Amino acid sequence: MPMPIDIRNFIITQIDYYIEEIDMYLLVAKEHCDARSLEDTTFGIILGGIYVGFIHACSTQSLSPNTDSIVELHDIIRKRRQDIHLAIQDSRQRCQI
């Protein structure tokens, strides 16, 4: 069974939010890692937030994530990965971190 459209839209909106607020997540990552892994750590924090949001959205609708919805989630993230990485790099240059 594919991911319900409202959960799909929520995930897309959530990714947009993380991109808009990337400076905050970069600063959080900076507190917990060294400069060499800053971009990967920031991406990991965002990825974790996306997964938590997905699980929460499923649970509020009394759904259990299935293989199809997980594959679809991975597809959404894969399609937006470059956008997230570019936002992290831009933020890092802007904030000079």
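Heads up: the structure comes first, above all this text.
Let me sum up the structure you'll find in this document. (Residues numbered from 1 in each chain as written. Predicted model: local features only at pLDDT ≥ 70, side-chain atom pairs only at ≥ 80, totals over all residues. Heavy atoms only, no water.)

Our next topic: the overall build of the protein. What the protein contains, in helices and strands, is 4 helices and 0 strands. Taken from N to C terminus, the helices and strands of the protein fall in the order α-α-α-α. If one aligns the C-alpha atoms of the protein with their principal axes, the spans along those axes are about 45 × 20 × 20 Å. Buried residues in the protein amount to 32% of all 97 residues. At a minimum sequence separation of 6, the contacts of the protein that also span at least 24 residues come to 76%. Of the roughly 5,900 Å² of accessible surface on the protein, 55% is carried by carbon and sulfur atoms. Looking at charge distribution, the protein has the averaged site of its 9 positive side-chain charges lying 5 Å from that of its 14 negative ones. (Helix = DSSP H or I, 4+ residues; strand = E, 2+ residues; numbered from the N terminus. Buried < 20%, exposed > 50% of the residue type's maximum accessible area, 1.4 Å probe, protein only. Contact = heavy atoms within 4.5 Å. Areas by Shrake-Rupley, 256 points an atom, 1.4 Å probe, with all protein chains shown as cover. Lys, Arg positive; Asp, Glu negative; His and termini not counted. Charge placed at Lys NZ, Arg CZ, Asp CG, Glu CD.)

Attention now goes to the nonpolar core. Membership of the largest hydrophobic core comes to 22 residues, with the highest contact counts inside it found for I7, I11, I46, I50, F54, L73 and I84. Among the elements of the structure, α1 (5-20), α2 (22-30), α3 (38-60) and α4 (67-95) are those that each provide at least two residues to this core. With residues up to four places along the chain from it excluded, the contact list for I50 reads I11, Q14, I15, Y18, L73, I77 and I84. (Core = buried A, V, L, I, M, F, W, Y, C linked by side-chain atoms within 4.5 Å.)

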